[in-house]
Amino acid sequence: MTTAISIEDLSKQYRLGQVGTGTISHDLNRWWARVRGKEDPYSKVGQVNKRDQAADGEYVWALQNINLSVEQGEVVGIIGSNGAGKSTLLKLISRITSPTTGTIKAKGRIACLLEVGTGMHPEMTARENIYMNGAVLGMRRHEITRKLDDIVDFAGCRMFVDTPVKRFSSGMKVRVGFAVAAFLEPEILIVDEVLAVGDAEFQRRAIGKMKEVSTTGDRTVLFVSHNMASIRKLCPRSIHLDAGTVKRTGPSDEIISAYINDGLTNELDTPIAKDSPRTGSGRAMFTRVWIENEDGNKLTHVTSGANFTIAIEVTAHEPIPDIVLSIALQDSSDSYAWLVRSNFDGAILGLNQKTILRCTVEDFNLARGAFRGVLFMSERDNEILDSLPNAFTLDVAVGDYFGTGARGLPNHCKTLTRATWKSSSQA
Amino acid sequence: MPTRTATLSSLGAQFPAVTQRDEVRADHFGFVFMSISQDISTAADAGPDQQAEQVWDLVIQPKRHLLDVNLKEIWDYRDLLFMFVRRDIVTVYKQTILGPIWFFVQPIMTTIVYLFVFGKVAKVSTDGMPQILFYMSGIIMWNYFADCFNKTSSTFRSNAGIFGKVYFPRLIVPLSQVTSGLIKFFIQGCLFLAIWFWYLATTDTIRPNYWAFSTIWLLALMAGMGLGFGILFSSLTTKYRDLTFLIQFGVQLAMYATPIIYPMSILSDTARRILWWNPIAHIIEAFKCGFLGTGEASMAGLAYATLFTIASLGLGIVIFNRTEQTFMDTV
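Residues numbered from 1 in each chain as written. Chains lettered and ligands numbered in written order. Predicted model: local features only at pLDDT ≥ 70, side-chain atom pairs only at ≥ 80, totals over all residues. Heavy atoms only, no water.

Novice: Before we move on, could you go through the overall build of chain B and cite the residues and values that matter?
Specialist: When you go through chain B residue by residue, the secondary structure sums to 15 helices and one strand. Put simply, of all contacts in chain B between residues at least 6 apart along the chain, 79% involve residues at least 24 apart. Summed over all atoms, the accessible surface of chain B reaches about 17,000 Å², with 68% contributed by carbon and sulfur. (Helix = DSSP H or I, 4+ residues; strand = E, 2+ residues; numbered from the N terminus. Contact = heavy atoms within 4.5 Å. Areas by Shrake-Rupley, 256 points an atom, 1.4 Å probe, with all protein chains shown as cover.)

Printed below as a string of structure tokens:
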């Protein structure tokens, strides 16, 4: 197999804080150092990219000494928490910005999809924009003409092909953009979470197309996503970036589990900001959520089969005697995996100005994975008080739910259920 | 019972194997996945000799050489240049009633205003030329330069969105702006020529001469200078935004330092000597001389303007080339 992308000692340094005209003094300093034949005085002071630590230098290494090689035809996922350097890496490979040190060598045409529909102009028709977008991505005119029918069909916009795209819905624009990209046929394709848009049917098509691209075998794909399900589905191999360095590389399943387990070091205690995305009347609001065990100690994560308590702090303007509280968990593909609701259990919960609501769960029946917590609270069944689609992240580690050591099939089924089995022979 | 136990244990022996394969890569849900590639390698264990054999199509390094402008790449992206030009021309006057007629309205209105302000009120001499031709020739020439300069000088800032998402030779954008400016110039030039022909046929005040053949060269100089200055300023403004303010009124002031609304002949010797160093003055004079038969076209002046254009374009490209590599970090 030949190597499609080879990255050697790649580093990228950014300046922290405001990049303003103040840099003129640094520019002069740099220039003076160069004139005297000395090293760049600012390249040494950069610190490791850890966003939760206070900065003590003025420069930061967004990427540091990355060494990677990707074989031709490989589909590689890139995962890592926010700010780990994923996008920077893609930006360097796609030549949007230059590295500070190191080299990237690539074989074949690179196309990057950091956004679909780049260069589209709202006043131009879909047809014109297909040409425009294709040209921006590096396609030749005759190439686009040859594929125009396929692109229009794939986007499903034959009816509107001569309508200015400003009349299109945003979803339709995305479809047109993705359709162009799908027929790009580069040797190396770089994709950054563009699949998160469009309706369900289109997402299926997009994933299908990605899979088709990846299974034809000679196309190399780099795919950055926070959606572990699609990484698992599309990429046999993954790279885990952490604080600007390659932490692990290997089969996606291993890397994803290790990545999720890494996240379990901080105890889950999430203050909820007033301005976080939420709906509801606001007469009462969720302000904090944490998880504790039976002894009241805060937990970092929960395990399958364990007992624990979800504690939620609520602030209300006036006492509300009877509320309904729901706590739900969504998996990485946004479907609900688990839900509890106070009125299912016949519980009556009241609110004072500041209240802590506790929901104790026994024998937790979800399999390993990372889940997003959704909180919802209403006054009986009438007024929605507060609804938070993204309140906290709950990591579930492997536990002994069955009591047999089996851990279920976390990739397929999120819920664990014990059953009794019997085999009886019929006479 | 012994038979049953045997069956169960044989099932048990199969199950763990299935479970494990499932964990790694499952496809009994109808998906067909490719097998995991076994050769998970990093650059470290690929070995140096294997890499030496490879021929790379693309090598990305921290700093390119200053003069390393990839002309072939720009040629490869010529369709994009075409699309940008098309976009500039087609979309400007979409959803307007007059449409492309607006291309004419602007120089006509400006000419009328100049006719009134400088011709009737201030009574600035036009060297005996019909005022309408005198002003219009200056306006369309100057507009082309100002257009090239203004538009290209905001290349990085106004295209940061698209530049941040996709790579193509950045020089395509200023080049497309110069080209679409040229198309606009030709449209306005037709208007000028129509009026010019009318005067040529009905009066004998204008005396065109061989200098008119230099028009193509003059346009190239205008385009080159506008582009050179534009990309130079565009590169500098990514870091030092002060320059944007300078550009805004600088272009307006520069117009008065160029013989657009007045002929060179009304100036004092000192003023003329100073104005000689303005390269655009020579271009405008050569144009007016060619079409109207007035003004002071000189080979020396044009040679100076040519050198000036080459220098500014060269400097512009070098600085632009340097800036385009990292401007996304500072813009």
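Text resumes after the structure shown.
Novice: Give a detailed account of the pairing of strand β20 (residues 383-397) of chain A, specifying residues and quantitative values.
Specialist: Side chains on a regular strand alternate between the two faces of the sheet. Residue and element names in this part refer to chain A. As paired strands, strand β13 (residues 302-303) and β20 are joined by two bridges and run parallel to one another. When the sheet's bridge partners are listed, V302 is paired in β20 with V396. Taking the residues that link successive antiparallel strands as the turn, the strand β19 (residues 369-379)-β20 hairpin has three residues, and the phi of R380 there is positive, at about 45 degrees. (Pairing = 2+ DSSP bridges.)

Novice: I'd love a proper account of the environment of A284 of chain A, names of residues and values included.
Specialist: All names here are of chain A. As for its position among the elements, A284 is in strand β12 (residues 284-292). Sequence separation between A284 and P319 is 35 residues, and the spatial gap between their C-alpha atoms is 9.1 Å. Excluding residues that lie within four positions of it along the chain, A284 makes contacts with V314, T315, A316, I320, L351, M377, L385 and D386.

Novice: Lay out the packing of helix α5 (residues 78-92) of chain B against helix α10 (residues 172-202) of chain B with the relevant residues and their values.
Specialist: Residues and elements named next belong to chain B. With their axes 9 Å apart at the nearest point, α5 and α10 run at an angle of 50 degrees to one another. Between α5 and α10, the crossing angle belongs to the class labelled oblique. Judged by the twist between their axes, the crossing of α5 over α10 is right-handed. From α5, L80, L81, F84, V85, D88 and I89 reach across to α10, where they touch I172, V173, L175, S176, Q177, T179, S180 and I183. (Axes fitted to C-alpha atoms, helices over the stretch in contact; angles between N-to-C directions. Parallel < 35°, antiparallel > 145°, perpendicular 65-115°, else oblique. Left-handed = near helix turned anticlockwise from the far one by under 90°.)

Novice: I'd like to hear about unusual backbone geometry, residue by residue, with values.
Specialist: All names here are of chain A. Not every positive phi belongs to a glycine, and D9 is a case in point at roughly 50 degrees. Turning to its location among the elements, D9 is positioned in strand β1 (residues 3-15). On the accessibility criterion, D9 (43% relative accessible area) is partly exposed. Even without glycine at this site, A243 takes up a positive phi of about 50 degrees. We classify A243 as buried; its relative accessible area is 11%. (Buried < 20%, exposed > 50% of the residue type's maximum accessible area, 1.4 Å probe, protein only.)

Novice: Tell me about a nonpolar patch on the surface, and name the residues and values.
Specialist: Among the surface-exposed residues, L28, W31, W32 and V35 of chain A lie close enough to one another that they form a single nonpolar patch of about 460 Å² accessible area. By the element assignment, V35 of chain A lies in helix α1 (residues 23-35). (Patch = residues over 30% accessible without salt bridge, like charges linked within 9 Å, V, L, I, M, F, W, Y side chains within 5 Å. Salt bridge = Lys/Arg side-chain N within 4 Å of Asp/Glu carboxyl O.)

Novice: Quick one: what's the story with the sheet that holds strand β4 (residues 75-79) of chain A, residue by residue and with numbers?
Specialist: Residue and element names in this part refer to chain A. In space, the six strands of this open sheet follow the order β6-β7-β8-β4-β9-β10, with mixed pairing throughout. Across the chains shown, the open sheet's two edge strands, defined by having one partner strand only, are β6 (110-113) and β10 (245-251). The mean inter-strand angle of the sheet, taken between neighbouring strand axes irrespective of direction, is 15 degrees. Taken together, the four bridges between β4 and strand β9 (residues 237-242) define a ladder with parallel strand orientation. Looking at β9, one finds that I79 is bridged to H240. Against the sheet, helix α2 (residues 86-93) engages β4, β6, β7 (188-192), β8 (220-224) and β9, with an angle of about 150 degrees to β7.

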